[in-house]
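Chains, contacts and geometry: an overview
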Amino acid sequence: METTLRGVGVSHGVAIGEIRHMGTAVLEPPARQIPGSEAPREQRRARQALHAVAADLTARGFLAGGDAQAVLEAQALMARDPELLADVERRVAVGSTAERAVYDACAAYRDLLLGAGEYLAGRVADLEDVRNRIVARLLGVPMPGVPDSDEPYVLVARDLAPADTALLDTALVLGIVTEEGGPTSHSAILARALGVPAVVGVPGAAELPESTVLAVDGSTGEVIVDPSAARQDGLRALAEQRKAELAAAKDPGRTSDGHLVPLLANIGGPADVRAALDAGAEGVGLLRTEFFALSSPGSEEAPSESSQVEAYREVLSAFPGRRVVVRVLDAGADKPLGFLTPADEPNPALGMRGVRTLLQHPEVLRTQLLALTKAAEGLPVHLEVMAPMVADRADARAFAEACRAAGVRASVGVMVETPSAALRARALLREVEFLSVGTNDLAQYAFAADRQASSLSRLQDPWHPALLDLVAMTAEAARAEGKSCGVCGEAAADPLLACVLTGLGVTSLSMAPAALSRVRAALATCTLAQCRRAAAAARSADSPEEARLAARAVLSGE
């Protein structure tokens, strides 16, 4: 009998196929004592396993590229953590086997993460995946993961480990449904990068029987169990209609009455350039430079100026005559870098991250700014440089001064990711030339809701009217100062919300390359006046659901 489950649609498209569940297994090794004479051998086995798993995660990241590489490198850092190794060796020295020592040491770290606030608690799934990989290697058993199948299928899991999601075979995986996760979880980000329809946060999904037919609509968040033949035909027709609309949308981003809205790409490095160009990106709205640091083995030393110049130049040269917005290192919280990030912060999400960290390490910031300047020399590219996690005018002034001191020949801007930055946007613009709204973190800090916590997905929804108010406030400040205000958070990838953001006064939209064609097609169907009316309707609502329905009613002419 046909039933409908609801979650959060995080990657657009329609998928219909039979369920295959992500493999699961209990990887808890037996607790047994070993004689002291075996301790050196067990410690050696543990060291080798940790190093091998870190190397495997790094290799998977290089194969995947882009956002996936940054995520997997962050996991590799966990396996390379010297404190973890020291704890494992201590446990072996008092009689544990290598595999049991790893299991218990990771359990202790897990408890620390769970007790350190919701932001770090969101890293528990990553730690457990690292633990399982190390223990499986020590036990000599296969790592549970993506199922084997000769036929295409819909992958269903409680949640997905980044190492599995990053290398999914998109010829076989039609769609993804997870019981946990939120719109900015790692599985959601990677699903969007792969272009696979996905819905996360679906209660009961993991209990659905194997081989059940599912229809997944990543646009609406609906998951239909045992859909009728008529429903399947309708969804397929809808999918074909959407594809046709996307194929017809090739021009620069603009509304139907000609209001230009440049559509830019969020990328992690050179590996993402081809996808951005193929999707018709008009430039880069967010180049995440922590990618380059995370791809350095160990990430314990800052990348050299020469290595940065080479990597940046490869990206900049791919966009002649176009805009490339580079975010300086955004280290901290879930992106720790050994040479920048404090190891003992009680709450990293509210601590030293982004520009705060860089201003405490001016030599790292100066080296990066010099590298960007040299990389752009002689290239016909419009380079723009921005700082993350800016809180007030003092932060903006300090970053602008650092850019001037390094001889940066580029527009200088800041990201609006904190409520204070949105509230004082006009003051920030007296120090810099542009703003870029990071809706993921802005929502996290506005609602005090960890962006990785599926239980708080209601407060992570970019349609929340309070978040729209903050974006509107920021865009209005930029308009009043005669400067630009873009959005580079995941909100820009939602075609309907992109129209609303345009109506709020946002001047450019940046997103994963896979989303560009859908947003381009959506903008082309409505006038600027309609976008403004939709934005006003959304802001007058009291919940994300009501805001979404109100905007859709305006834009559809209901």
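Notes on the structure follow. The model shown is predicted, which means the values in this text are computed figures rather than measured ones. (Residues numbered from 1 in each chain as written. Predicted model: local features only at pLDDT ≥ 70, side-chain atom pairs only at ≥ 80, totals over all residues. Heavy atoms only, no water.)

1. Describing the overall build of the protein
So the rule is basically this: A run of H or I in DSSP counts as a helix once it spans at least four residues, and a run of E counts as a strand once it spans at least two, with each numbered from the N terminus. Residues are treated as being in contact if the distance between any of their heavy atoms lies within 4.5 Å. To be clear on the numbers: accessible area is Shrake-Rupley with a 1.4 Å probe, and residue cover counts the displayed protein chains and nothing else.
Counting its secondary structure elements, the protein contains 23 helices and 16 strands. A separation of at least 24 residues holds for 69% of the contacts in the protein among residues at least 6 apart in sequence. Of the accessible surface of the protein, which amounts to about 21,800 Å², a share of 52% is contributed by carbon and sulfur atoms.

2. Looking at the nonpolar core
The condition is simple: Nonpolar core, defined: a set of buried Ala, Val, Leu, Ile, Met, Phe, Trp, Tyr and Cys residues in which side-chain atoms within 4.5 Å join the residues together. The classification of residues rests on relative accessible area computed with a 1.4 Å probe and restricted to protein chains. Under 20% of the type maximum is buried, over 50% is exposed, and intermediate values are partly exposed.
Counting 101 residues, the largest nonpolar core has Val385, Phe399, Val500, Leu501, Leu509 and Met511 as its most contacted members. When residues in this core are grouped by element, the largest group, eight residues, is from helix α19 (residues 465–481). Among residues more than four places away in sequence, those in contact with Phe399 are Val328, Val355, Leu365, Val385, Met386, Ala387, Val412 and Gly413. Ranked by size, the runner-up nonpolar core spans 31 residues in total, among them Ala39, Leu57, Val88 and Val135.

3. Section: helix α12 (residues 305–316)
Test applied: By this rule the span expected of a helix is its residue count minus one, scaled by 1.5 Å.
Counted at 1.5 Å a residue, the expected span for α12 with its 12 residues is 16 Å, and the 16 Å between its end C-alpha atoms agrees. Along α12, the positions that sit buried rather than exposed are Gln308, Val309, Ala311, Tyr312, Val315 and Leu316.

4. What to know about the packing of aromatic side chains
Our working definition: Stacked, edge-to-face and tilted are the three classes for Phe, Tyr and Trp ring pairs, Trp counted by its six-membered ring, which pair at centre distances within 6.5 Å; planes under 30 degrees apart are stacked, over 60 edge-to-face, the rest tilted. Only when the NZ of Lys or the CZ of Arg is both within 6 Å of the ring centre and within 35 degrees of the ring normal is a charge said to sit over the ring.
Scanning all chains against the criterion turns up zero aromatic pairs. For Arg323, the ring lying beneath its charged end belongs to Phe434, and the centroid distance is 5.9 Å.

5. Some remarks on the side chain of Asp395
Positionally, Asp395 belongs in helix α15 (residues 393–405). Among residues more than four places away in sequence, those in contact with Asp395 are Val355, Leu359, Met389 and Val390.

6. With respect to the sheet that holds strand β15 (residues 484–487)
To keep it simple, the criterion reads: Whether two strands pair comes down to DSSP finding at least two bridges between them. Convention adopted: a line fitted to C-alpha atoms gives each axis, helices being fitted over their contacting stretch, and angles between N-to-C directions are expressed from 0 to 180 degrees.
Around the barrel, which closes on itself, the eight strands sit in the order β9-β10-β11-β12-β13-β14-β15-β16 with parallel pairing between neighbours. If you compare each strand with its neighbour and ignore which way they point, the axes differ by 25 degrees on average. Bridge analysis of strand β9 (residues 263–267) against strand β10 (residues 283–288) gives three bridges, and the strand direction is parallel. For Ile267, the partnering residue across the bridge sits in β10 and is Leu287. The sheet contacts of α19 involve β13 (411–416), β14 (434–437) and β15, and relative to β15 the element is tilted by about 150 degrees. On top of the sheet, helix α21 (residues 516–523) reaches β9 and β16 (508–511); it is set at about 160 degrees to β9, its chief contact.

7. Examining the pattern of salt bridges
Worth spelling out the cut-off: The salt bridge criterion pairs a side-chain nitrogen of Lys or Arg with a carboxyl oxygen of Asp or Glu, the two atoms within 4 Å.
Taken as a whole and assessed by the stated rule, the structure comprises 32 salt bridges. Between Glu89 and Arg47 there is a salt bridge, with its nearest N and O atoms 2.6 Å apart. With a gap of 42 residues between them, Glu89 in helix α3 (residues 82–93) and Arg47 in helix α1 (residues 39–64) connect regions that are remote in the sequence. According to the relative accessible area criterion, Arg47 is partly exposed, its value standing at 29%. Measuring nitrogen to oxygen at the nearest pair gives 2.4 Å for the salt bridge that ties Glu305 to Lys374. Here Lys374 lies in helix α14 (residues 362–376) and Glu305 lies in helix α12, a separation of 69 residues in the sequence. Among the residues examined, Lys374 registers a relative accessible area of 40% and is labelled partly exposed. If you follow the salt bridges from partner to partner, you end up with Glu38, Arg41, Glu42, Arg45 and Glu99 in one network.

8. Quick notes on the environment of Ala271
Counting through the fold element by element, Ala271 comes out in the loop between β9 and α10 (273–278). Considering only alpha carbons, one finds Ala271 and Leu63, 208 residues apart in sequence, at a separation of 9.4 Å.

9. Considerations on the environment of Thr3
With respect to the secondary-structure elements, Thr3 resides in strand β1 (residues 3–6). The exposure class assigned to Thr3 is partly exposed, which follows from its relative accessible area of 37%. On a C-alpha basis, the gap between Thr3 and Val223 in space is 8.5 Å, while along the polypeptide they are 220 residues apart. Excluding residues within four positions of it along the chain, Thr3 makes contact with Val223, Ile224 and Val225.

10. Some remarks on unusual backbone geometry
We note that Ser211 has phi near 75 degrees; this positive angle belongs to a residue other than glycine. You will see that Asp226, though not glycine, has its phi angle at about 50 degrees, which is positive. Position of Asp226 among the secondary structure elements: in the loop between β8 (222–225) and α9 (229–248).

11. Here we look at the sheet that holds β1
Across the sheet, eight strands lie side by side as β1-β8-β7-β3-β4-β5-β6-β2; this open sheet has mixed pairing. Both outer strands of the open sheet, β1 and β2 (8–11), are each paired with one neighbouring strand and no more. Sheet twist, expressed as the mean angle between neighbouring strand axes with direction ignored, is 30 degrees. In this structure, strand β5 (residues 173–178) lies alongside strand β6 (residues 198–200), joined through two bridges in parallel fashion. Within β6, the residue paired with Val177 across the bridge is Val199.

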